[in-house]
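Now for the letters of each chain:
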Amino acid sequence: MGASRESSTPISTELHREELMRRTSFNRVFSALYTCAILCLLCRHINTLVHSNSSLSIFLSLSLFIADLVLAFCWACNLSFRLYPTRTHVFPNNLEKVIERSEFPRLDVFICTADPYKEPPMGVVNTALSVMAFDYPTEKLSIYVSDDGGSQLTLFAFTEAARFAGHWLPFCVKNNLVDRSPEAFLKSNHPYDSEAQDIKLMYESLKSRVESCVERGKVVDEYITNEQDRQAFQKWTQDFTRQDHPTVIQVLLENRRDKDITGHFLPNLIYLSRQKSRASPHHFKAGALNTLLRVSATMTNAPILLTLDCDMFSNDPQTPLRALCYLSDPKLGPILGWVQFPQIFHGLNKNDIYACEFKRVFIINPIGMNGFLGTGYVGTGCFFNRRAFFGGPSSFVKPELAQLGPDHIVDKPIGSQAILEAAHAVAGCDYEEGTNWGFKMGFKYGSLVEDYFTGYRLQCEGWRSKFCHPERPAFLGDMPISLIDVLNQTKRWSVGLLEVAFCKYSPITFGIQSMGLLRGLAYAHYALWAIWAIPICIYAFLPQLALLHKLSIFPKVSDPWFLLYVFLFVGAYVQDYIEFTLAQGTFERWWSDQRMWLIRGLSSYLFGFTEYILKSWGISTQGFTVTSKVVDDEQGKKYDQGVFEFGVPSPLFVPLTMTAILNFWALTAGIVGAFVDPNLDGHFVQILLSGFGVLNCLPIYEAMVLRSDKGKLPTKITLISTFLAGILCSVSAAVLKLSY
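Bear in mind the structure is a predicted one, so any value in this text is a computation, not a measurement.

A count of helical and extended segments in the protein chain gives 26 helices and 15 strands. Its C-alpha radius of gyration of 28 Å places the protein chain within 12% of the 27 Å reference for a compact globule of 740 residues. C-alpha atoms of the protein chain, sized along the principal axes, occupy 85 × 70 × 55 Å. Across the 740 residues that make up the protein chain, the buried fraction comes to 58%. Residue pairs in contact within the protein chain that sit at least 24 positions apart in sequence constitute 82% of those at least 6 positions apart.

Below, the structure is given as structure tokens:
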């Protein structure tokens, strides 16, 4: 009877499950109360503005009204993430009960790199080796490395990696490793036996050869060991530059031909550097990804694609199986465009001083979007349905060549002459002329943030997505460890997002029409990121200047309206803190996140907004730049200690330093004034804001006064900022005098 009962037990074939999070009801009730409070505040501003009887009072009232109106709009956009926060669960152990392993769909992996000096080849190699070692049938796995820098150093690194893969992959399988990036494995506490020691020696030898070539700036002849490699490197002639060169496609491993040391076939590994010409637009990373789409279509044409940043290595070999829990669901399949995993970083210092974790962007908000449409695309760690790049679920856009379509079946070896000729043909710099690539097909052009724009446009076309957030991070990446790199990166994002906000596909108009109010506002939250600069700058300067001139602009403590300000300020911060800690954050990291939000508002967002305006007027601005992944030893040491790194005399630091100086002056004046006139009722809020500003500027004061190392704030920046702050005080005093 026991056997009979066991045999009658149903076998679970559930692949995924979703449930609203417990905080949903609280979010909705609090949002209703907070919305009412915002409306009351805006009504008060309008009433004050209407009854203003001088140009000065009109200016002050209008400035505060604009600041709070922008904050109210940002709150409304952010509300879309809080109404339907949805937790998802996947069950990869049930996958083979639904689909045989031999029937798993083919998977093409796209890894993009652009500069061997900012993105070291060994980092890219580790990313590639980690995904080559996925727990996935190797005959169905192809890795494409797009080198947009056209560097022989990157190709050399991968010719070496291809040889090492024959030892590394069977070692991972035999020992059931979870850390399948060689660098991560060697830093782990995995016990070393003789085999592991051999692997370590092989890897260190590989690393030494690659880094030696990078240091010399070229591949030396002694490292080229066969005729096939020699022919490949002969393509780098004197006329070959990163801006002007022919297509280079090199099949480094072919799974019908190459085997590992145990006799099992290895995955495909293909190096690609698309043709470049100064006379043709190349559309940055979006152009590189579209070239990968076409080249991979001619060579393997897998129905599933994974896009990865070059520094984002696999941290869980079962990640493709987790993605398949969604992608193989017949109910979701016809409308599911992609499965996004969170972007998580390793090596963050204890307090994450630069808030590079972006917990709200990469975890909290995607959980909120999961409840009504699915998350956006963040540029890495994303498994796509290839069909999603060819029109909406019910509106297929036919490519100009049948062999580029998602249903095309490749029936020749990837190294055959016919396949290579076809791949070279679609990688030309002028191939896209007169086609739909970048507009109706593929990754979308028109913004520096091609990931956000592509995900947004695909969802407007009707595609849905899923956010998969397993307990063990699927991928781990590097992050910038100097303040200037962090701010430049955010500034570039701000410019790209504004390009979307004010184009014909604006989320406020086109997005809401295509996807509905909540979904449109969710995307508008990101598109208009840079407008945070408006209220942050107003509240960083205006109340402080008014305090210096003994002018009260907020309600007195005894005024009932004061309680409204307290509720709005404390309520926003408490709710944000709760969400942050529920996402496994700490108080210290939350405080860093809040401080960096203010710092970005006074630098990245402000300069990004300005740069976008100049760009709109046809004034040339800086183009796309690659964020450096090279870690300087001294910078790394300071970062680990939690010390801010300034060092570079950048204009981005001027508004920050001005804010620090002005808030210090205002706080000092407020405290001194308190001794002269103990009645602080009218200036309490301004003193509080100045103190809050000083508290957030502590790293700037330290860099200005207490430090003498290379990372201190440059003296030139301090002098310029002090001069400008003084000018601001003098001008405001003159305006105040004239108003009387």
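Turning to the packing of aromatic side chains, a few remarks are in order. Applying the stated rule across the entire model yields 60 aromatic pairs. Arranged with centres 4.3 Å apart and planes meeting at 35 degrees, the rings of Y34 and W75 form a pair that is tilted. With Y34 in helix α2 (residues 24-50) and W75 in helix α3 (residues 55-79), the pair connects residues that are 41 residues apart, well separated along the chain. Ring centres of F390 and W437 lie 6.0 Å apart, and the angle between their planes is 80 degrees; on these two criteria the pair is classed as edge-to-face. Of the two residues, F390 sits in the loop between β11 (382-385) and β12 (391-392) while W437 sits in the loop between α13 (417-426) and α14 (450-460), which places them 47 residues apart along the sequence. Both residues of the pair, F390 and W437, count as buried. One cation-aromatic arrangement involves R28 over Y84; the distance from NZ or CZ to the ring centre is 4.8 Å. Looking at R294, its charged tip hangs above the ring of W437, at a distance of 5.1 Å from the centre.

What follows covers the confidence of the model for the protein chain. Taken as a whole, the protein chain shows an average pLDDT of 92; of its residues, 96% reach a score of 70 or greater. Here residues 1-9 is modelled with pLDDT under 50, and outside its nearest four sequence neighbours on either side it reaches 0 contacts, counting other chains as well.

What follows deals with the UniProt feature "transmembrane region" (unreviewed entry) in the protein chain. If you check UniProt for "transmembrane region" (unreviewed entry), the listed places come out as residues 29-50, 56-77, 523-542, 562-585, 597-614, 652-676, 683-701 and 713-736 in our numbering. Span residues 683-701 is 89% helix and 0% strand, its end C-alpha atoms 24 Å apart.

A few words on the nonpolar core. Among the nonpolar cores identified, the biggest contains 157 residues, and I143 and W168 are the most heavily contacted of them. Ranked by the residues each element gives to this core, the list is headed by helix α6 (residues 152-174), at 13 residues. Beyond its immediate chain neighbours, meaning those up to four positions away, I143 contacts V109, I111, A128, V131, M132, P267, N268, L269 and I270. If you look at the next biggest cluster of nonpolar residues, it comprises 38 residues, including L272, A297, L305 and A423.

Scoring rules and cut-offs
Residues numbered from 1 in each chain as written. Predicted model: local features only at pLDDT ≥ 70, side-chain atom pairs only at ≥ 80, totals over all residues. Heavy atoms only, no water. Helix = DSSP H or I, 4+ residues; strand = E, 2+ residues; numbered from the N terminus. Rg over C-alpha atoms; globule rule 2.2 N^0.38 Å. Buried < 20%, exposed > 50% of the residue type's maximum accessible area, 1.4 Å probe, protein only. Contact = heavy atoms within 4.5 Å. Phe/Tyr/Trp six-rings, centres within 6.5 Å; stacked < 30°, edge-to-face > 60°. Lys NZ or Arg CZ within 6 Å of the ring centre and 35° of its normal. pLDDT = per-residue confidence, 0-100. UniProt positions renumbered as here; feature names shortened; annotations may be inferred. Core = buried A, V, L, I, M, F, W, Y, C linked by side-chain atoms within 4.5 Å.

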